[in-house]
Amino acid sequence: MKILLTKWSAIAKDSINRAAIVAKFLCLLHVTNTYIFSPTLVYGPSMLPTLNLTGDVLLSEYVSHRLGKVGPGDVVLVQSPENPRKMITKRVVGMEGEVVSFLVDPGHSDRSRTVVVPKGHVWIQGDNIYASNDSRNFGPIPYGLIQGKVLCRVWPLDGFGSL
């Protein structure tokens with residue numbers, strides 16, 4: 001009986017140790033995916049021709065925007081100002097204090113408008129001006145809505161690399 005109890009005790013200790021290793025790994029995976037970087041699936045026409053209509057997998061990092069390292073030309077993940085449950089991918093065109101000129105209705109007229117980006121805001125636009133809902137529609141967005149910065153495309157493989 002004592003030998004049987006000793007064997008079960010050793011098995012239980014080993015099981016607990018393995019479970020602890022798995023739990024540590026899952027915690028590390030969660031922290032990495034939430035606060036450092038993660039793959040992101042993006043699709044839609046607003047970033048054509050840079051991103052595919054049918055979808056790309058991008059590697060996005062979540063540190064730069066917290067350190068103020070986002071600038072014009074960067075492709076960013078933004079919490080939609082119109083629907084907070086939705087994440088959108090756009091390019092930063094202007095930072096606070098910069099003057100931005102844009103076509104009001106590019107499909108129907110050449111009328112342009114110029115705005116100064118207010119303090120604490122950025123101006124974002126999709127690369128496809130004909131099919132993008134962006135700052136031209138809802139104005140400059142608060143810097144706090146930026147959730148991440150795109151590092152590179154990882155899928156499809158023929159498009160692998162920086163944007």
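Residues numbered from 1 in each chain as written. Predicted model: local features only at pLDDT ≥ 70, side-chain atom pairs only at ≥ 80, totals over all residues. Heavy atoms only, no water.

Go over the overall build of the protein chain, please, and point to the residues and values.
Scanning the protein chain from N- to C-terminus turns up two helices and nine strands. From first element to last, N terminus to C terminus, the protein chain shows the α and β order α-β-β-β-β-β-β-β-α-β-β. Taking 163 residues into account, the globule formula puts the C-alpha radius of gyration at 15 Å, and the protein chain, at 23 Å, lies well above it. For the protein chain, buried positions account for 35% of its 163 residues. Within the protein chain, counting contacts between residues at least 6 apart in sequence, those at least 24 apart form 50% of the total. If the 17 positive side-chain charges of the protein chain are averaged to one point and the 12 negative ones to another, these points end up 15 Å apart. (Helix = DSSP H or I, 4+ residues; strand = E, 2+ residues; numbered from the N terminus. Rg over C-alpha atoms; globule rule 2.2 N^0.38 Å. Buried < 20%, exposed > 50% of the residue type's maximum accessible area, 1.4 Å probe, protein only. Contact = heavy atoms within 4.5 Å. Lys, Arg positive; Asp, Glu negative; His and termini not counted. Charge placed at Lys NZ, Arg CZ, Asp CG, Glu CD.)

Lay out the layout of surface pockets in plain terms, naming residues and giving numbers.
To find the voids left in a structure, one rolls a probe of water-molecule size over its atoms. Its boundaries defined by the atoms lining it, the largest pocket holds a volume of some 410 Å³. Contributing elements (two or more residues each) for the lining of the largest pocket: strand E1 (37–42) and strand E4 (87–94). Per element, the largest residue contribution to the lining of the largest pocket is four residues, and it comes from E4. (1 Å grid on protein atoms, 1.4 Å probe; cavity = no way out; pocket = protein on both sides within 12 Å on 5 of 7 lines; lining within 4 Å. Points joined across faces, edges and corners; volume = space filled by probe spheres on them.)

Just give me the short version of the UniProt feature "domain: Peptidase S26" (unreviewed entry) in the protein chain, but keep the residues and values in it.
Taking the numbering used here, the UniProt-annotated feature "domain: Peptidase S26" (unreviewed entry) corresponds to residues 21–102 and 113–155. Helix and strand shares over residues 113–155 are 9% and 49% respectively, and the end C-alpha atoms of the span are 37 Å apart. (UniProt positions renumbered as here; feature names shortened; annotations may be inferred.)

Let's hear about the nonpolar core: which residues, and what values?
Val70, Val76, Val78, Ile88, Val92, Met95, Val122, Ile124, Ile141, Leu145 and Ile146 form the largest nonpolar core, which has 11 residues in total. Contributing elements (two or more residues each) for this core: strand E3 (75–79), E4 and strand E7 (121–125). Grouped together as the second largest cluster of nonpolar side chains are eight residues, Val42, Leu51, Tyr62 and Val150 included. (Core = buried A, V, L, I, M, F, W, Y, C linked by side-chain atoms within 4.5 Å.)

How would you explain the pairing of E7 if you had to name every residue and give the values?
Sheet faces and side chains relate simply in a regular strand, where the side chains alternate between the two faces. Judged by how many residues are buried, E7 sits mostly within the fold: four of five residues are covered. Summarising the sheet, E4 and E7 pair through three bridges and their orientation is antiparallel. Pairing of Arg91 across the sheet is with Gln125, part of E7. Two elements, E7 and strand E8 (residues 141–142), share two bridges in a ladder whose sense is antiparallel. Bridge pairing in E8 places Val122 opposite Ile141. (Pairing = 2+ DSSP bridges.)

Break down the packing of aromatic side chains for me, citing the residues and quoting the values.
Throughout the structure, instances matching the rule amount to one aromatic pair. When the centroid spacing of 5.0 Å and the interplanar angle of 35° are considered together, the rings of Phe102 and Trp123 count as tilted. Taken together, the positions of Phe102 in strand E5 (residues 99–103) and Trp123 in strand E7 put the pair 21 residues apart, joining distant regions of the chain. (Phe/Tyr/Trp six-rings, centres within 6.5 Å; stacked < 30°, edge-to-face > 60°.)

Got a sec to walk through unusual backbone geometry? Specific residues and values, please.
Following Leu48, the chain continues to Pro49 via a peptide bond in cis, the omega torsion being 0°. Residue position: Pro49 is located in the loop between E1 and strand E2 (56–61). Following Trp155, the chain continues to Pro156 via a peptide bond in cis, the omega torsion being 5°. The residue Pro156 is located in the segment after strand E9 (146–155) in this model.

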